[in-house]
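Reading the structure
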Amino acid sequence: MNEPLRRVRVTRVRSTFRGSTWPVLALASEGSVVVKLHGSAEGTLPLVAEVVVGALADALGLATPARLLVELPPDVPSDDPHEELRDLLTKSAGLNLGFSYLEGFRNVTVADASRIPAELAARVVWLDAFVQNPDRTAKNPNLMIKAGKIWLIDHGAALNFHHDWRAVTEQSPREPGSVVTAHLFQVSERDLLLADARSAEVLSREVLARALAQVPDEWLSTGGAEAADRERAAYVAYLQKRLHAPRPFVAAGKRVPFQFGR
Ligand SMILES: Nc1ncnc2c1ncn2[C@@H]1O[C@H](COP(=O)(O)OP(=O)(O)OP(=O)(O)O)[C@@H](O)[C@H]1O
Ligand SMILES: [Mg+2]
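Just so it is clear, the model here is predicted, and its values are computed rather than measured. (Residues numbered from 1 in each chain as written. Chains lettered and ligands numbered in written order. Predicted model: local features only at pLDDT ≥ 70, side-chain atom pairs only at ≥ 80, totals over all residues. Heavy atoms only, no water.)

Topic: the overall build of the protein
Short version of the rule: Numbered from the N terminus, helices here are DSSP runs of H or I no shorter than four residues, and strands are runs of E no shorter than two. In this setup the radius of gyration rests on C-alpha atoms only. A globule is expected at 2.2 Å times the number of residues raised to 0.38. Burial classes: relative accessible area under 20% of the type maximum marks a residue as buried, over 50% as exposed, and values in between as partly exposed (1.4 Å probe, protein chains only). Only heavy atoms matter for contacts: two residues are in contact if any of them lie within 4.5 Å across the pair. The protein chains shown are the only cover counted for residues, whose accessible areas, like all others here, come from Shrake-Rupley with a 1.4 Å probe. Charge assignment in this entry is limited to Lys and Arg as positive and Asp and Glu as negative, and neither His nor the chain termini are counted. In plain terms, the charge of a residue is placed at NZ if it is Lys, CZ if Arg, CG if Asp and CD if Glu.
Within the protein one finds ten helices and eight strands. Rg of the C-alpha trace for the protein: 18 Å, near the compact-globule value of 18 Å for 262 residues, within the 12% margin. Seen along its three principal axes, the alpha-carbon backbone of the protein occupies a region of about 55 × 45 × 30 Å. By the burial criterion, 52% of the 262 residues in the protein qualify as buried. For the protein, long-range pairs separated by at least 24 residues make up 75% of all intrachain contacts whose partners lie at least 6 apart in sequence. Just so you have it, the protein exposes about 12300 Å², and 53% of that area is on carbon and sulfur atoms. Of note, the protein has its 31 positive side-chain charges centred 5 Å away from the centre of its 31 negative side-chain charges.

Take a look at the structure:
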């Protein structure tokens, strides 16, 4: 589990999904990949969050597309002539983040969401609350579905603390955040506590460290390999502190009345 990410090279860009960060569908050495570009306005931190949260989802047994490191050559050919896309591709030459393409999947609707088993919904809420992922709401579910099976996508806005390390204090990992109350799934206290017991146990220090080890140095720091390792250690320390029982982000969920299946 959590092997180093495989590297592939893009040969052609097919189209863009026109999501807020303009992910693109591209052809790589081994088939279609969805690529999130480091040249987008938000820079490399969303890519870091995607790698880390993807690895944690894997560890928790939640389905999410496999991540790949994607080399984008300068002047990569694109079937989509959009000028803004061309600029973005030019800025994004080098290392980007790919995801295995979910063939035949569609985005989950609120009606689909109401049919998801409560136990699974609670595990998704728990992960999102832990990593402070604000992007799993009724408006923007960021789940895909095929043959009744749900996959998690789009974790780029998680780990919001990494946008301002200077604001991180001893106390900040212990803040509950507002993810649980705004979440697509409103789960029962019982299911959230069951998910809590099961999930927190899985996320050992080693699992956290392996997740961070998958992040390339150049997305973390301009200060070279040693500085990148210090940053990885800071992420692990933050997440470990957040995992100490009793976990405030779970307590926040207890205040939510049972509304699952609205
Ligand atoms: N691995 C994948 N396989 C197939 N389709 C995907 C995959 N990842 C993303 N998509 C499609 O691309 C859309 C945009 O992806 P995503 O939500 O990750 O990007 P985003 O730019 O953060 O979007 P937004 O902020 O608008 O939610 C998704 O809604 C989904 O339809
Ligand atoms: Mg999205």
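There is more to say, and it comes next.
A few points about the nonpolar core
Test applied: By convention a nonpolar core is built from buried Ala, Val, Leu, Ile, Met, Phe, Trp, Tyr and Cys residues, the set being connected through side-chain atoms within 4.5 Å.
Grouped together as the largest cluster of nonpolar side chains are 62 residues, with contacts concentrated most on Leu56, Trp126, Leu159, Phe185 and Leu203. Of all the elements, helix H1 (residues 45-59) adds the most residues to this core, at eleven residues. Once you skip the residues sitting within four places of it in the chain, Leu203 turns out to touch Leu56, Ala59, Leu60, Trp126, Phe130, Leu208 and Leu243. In this structure, Val24, Ala28, Val70 and Leu89 belong to the second largest nonpolar core, which totals 17 residues.

Structural notes on the packing of helix H4 (residues 118-131) against helix H9 (residues 224-243)
Threshold: Axis angles are defined between N-to-C directions and span 0 to 180 degrees, where every axis is a line fitted to C-alpha atoms and, for a helix, only to the segment in contact. An angle below 35 degrees is read as roughly parallel, one above 145 as roughly antiparallel, one from 65 to 115 as roughly perpendicular, and any other as oblique. Classification convention: Asp, Glu, Lys, Arg as charged; Ala, Val, Leu, Ile, Met, Phe, Trp, Tyr, Cys, Pro as nonpolar; all other residues, Gly among them, as polar.
The N-to-C vectors of H4 and H9 enclose an angle of 125 degrees; their axes lie 10 Å apart at closest approach. Considered as vectors, H4 and H9 are oriented oblique to each other. Between H4 and H9, the residues in contact are Trp126, Ala129 and Phe130 and Leu239, Arg242 and Leu243, respectively. Its residues assigned to classes, the contact of H4 with H9 comprises five nonpolar, no polar and one charged.

As for the sheet that holds strand E7 (residues 143-146)
We count it as follows: Strands are labelled as partners when DSSP assigns at least two bridges between them.
The sheet built from three strands is open, its strands ordered E6-E7-E8 with antiparallel pairing. Looking at strand neighbours, the two that pair on one side only are strand E6 (106-107) and strand E8 (149-152), the edges of this open sheet. As defined by bridge partners, E6 adjoins E7 across two bridges and the pair is classed as antiparallel. When the bridges of E7 are listed, Arg106 appears paired with Ile145.

Examining the coordination of the magnesium ion (ligand 2)
Formally: The rule for donors is simple: an N, O or S atom within 2.8 Å of the metal counts, and for Na, K and Ca the reach is 3.2 Å. Water is not among the atoms, so a site may look short of donors.
Looking at the metal site, the magnesium ion (ligand 2) is ligated by Asn142 (OD1) and Asp154 (OD), spaced 2.1 Å from it. Note that Asn142 is positioned in the loop between H4 and E7 and Asp154 in the loop between E8 and helix H5 (179-182), a separation of twelve residues in sequence. The class of Asn142 is buried, set by a relative accessible area of 9%.

Describing the sheet that holds strand E4 (residues 67-72)
Here we have five strands rolled up into a closed barrel, ordered E1-E2-E3-E5-E4, and mixed in their pairing. Averaged over all pairs of adjacent strands, the angle between strand axes in this sheet comes to 55 degrees, irrespective of strand direction. Strands strand E3 (31-36), E4 and strand E5 (94-100) of the sheet are contacted by H1, whose axis makes an angle of about 150 degrees with E4.

Digging into the site of ligand 1
Keep this limit in mind: Nearness of a residue to a molecule or strand requires only that one of the residue's heavy atoms be within 4 Å of it. For this analysis, a polar contact is any N or O atom pair within 3.5 Å, provided that within protein one partner can donate a hydrogen and the other can accept it, and provided that sequence-adjacent residues contribute only side-chain to side-chain pairs.
The environment of ligand 1 is made up of 18 residues, and the closest members are Ser20, Thr21, Lys36, Leu102 and Asp154. Note that a nitrogen atom of ligand 1 is positioned 2.8 Å from one of the backbone N or O atoms of Leu102. Coverage of ligand 1 by the protein chains reaches 84% of its 620 Å² of free accessible surface. At the level of secondary structure, the elements contributing two or more residues to the shell around ligand 1 comprise E3 and E5. Taken together, the residues of the shell around ligand 1 sort by class into nine nonpolar, seven polar and two charged.

Spatial relationships are all this shows, so hold off on functional conclusions.
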